[in-house]
Amino acid sequence: MDQIHSISEMDPMFQRTTVQRPGNAIRELLVVHDGRKQISQPLTSRGFVCSGPIDIRDGREYWTLVTNHDRRTVQVKFDEVREEMDAEINIRGMKQASRQTTVNSLPVDRLTKRQLEVFQLARERGYYDYPRKASAGELADELDISTSTLHEHLHKVEATLLGQTNAT
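The present account deals with the structure reproduced in this document.

Conventions used here
Residues numbered from 1 in each chain as written. Predicted model: local features only at pLDDT ≥ 70, side-chain atom pairs only at ≥ 80, totals over all residues. Heavy atoms only, no water. Axes fitted to C-alpha atoms, helices over the stretch in contact; angles between N-to-C directions. Helix = DSSP H or I, 4+ residues; strand = E, 2+ residues; numbered from the N terminus. Parallel < 35°, antiparallel > 145°, perpendicular 65-115°, else oblique. Left-handed = near helix turned anticlockwise from the far one by under 90°. Contact = heavy atoms within 4.5 Å. Nonpolar A, V, L, I, M, F, W, Y, C, P; charged D, E, K, R; others polar. Buried < 20%, exposed > 50% of the residue type's maximum accessible area, 1.4 Å probe, protein only. Polar contact = N/O pair within 3.5 Å; in protein donor to acceptor, adjacent residues only side chain to side chain.

1. Description of the packing of helix α4 (residues 113-125) against helix α5 (residues 136-143)
Where α4 meets α5, the axes come as close as 11 Å, and the angle between the chain directions of the two elements is 130°. It follows from the interaxial angle that α4 and α5 lie oblique. Between α4 and α5 lies a crossing whose hand is right-handed. From α4, Arg-114, Glu-117, Val-118, Leu-121, Ala-122 and Arg-125 reach across to α5, where they touch Leu-139, Glu-142 and Leu-143. Within the contact of α4 with α5, the residues separate by chemical class into five nonpolar, no polar and four charged.

Set out below in structure tokens:
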């Protein structure tokens, strides 16, 4: 923690439309830290790509990485990063995966522009949270559409994301 200079909560009115909050995050934080200890650049320069959000628990970071290296090369590359960054790195598991199992995000590229807009707003406002933080009526009012139209958009989004091809 001695590399962190400050932590502040982002203004709740600050909206980013291109990046979704991971999981059930309810606050966005700005962390100002000593960038000299970042491990992402040494990993990416050795052919690793982060394939999902970084999970931080109990002062540890949990990364899901993908690479086209074989097992032995992965071990060598991680040894290099450990040495270079004086980092403790533990590999919890390693498997060869198909494209379908390596992609950790929703296939939002299958949605129409309007469906994506409605879905992003629903996620940002907490429609999918439990308990819900926004009702369908509130979302519909914000989008200036009827509640039934909102439900229709969300139904098509959910069907598309669940792999039902005739949803669009």
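2. Description of unusual backbone geometry
The linkage connecting Tyr-130 with the following residue, Pro-131, adopts the cis geometry, with an omega of -5°. Following the sequence through the fold, Pro-131 ends up in the loop between α4 and α5. Here the phi dihedral of Asp-86 falls at roughly 50°; this positive angle occurs in a residue that is not glycine. Tracing the chain through its elements places Asp-86 in the loop between α2 (71-85) and α3 (99-102). A positive phi angle, near 60°, is found at Asp-144, a position not held by glycine.

3. Quick notes on the side chain of Arg-46
With respect to the secondary-structure elements, Arg-46 resides in the loop between α1 (40-44) and β3 (49-50). A residue is classified by how much of its surface remains accessible, and Arg-46, at 15% relative accessible area, is buried. There is a polar contact of 2.7 Å between the side chain of Arg-46 and the side chain of Glu-84.

4. Thoughts on the environment of Leu-161
The residue Leu-161 is located in helix α6 (residues 147-161) in this model. In sequence terms Leu-161 and Leu-111 are 50 residues apart; their C-alpha atoms lie 8.4 Å from each other.

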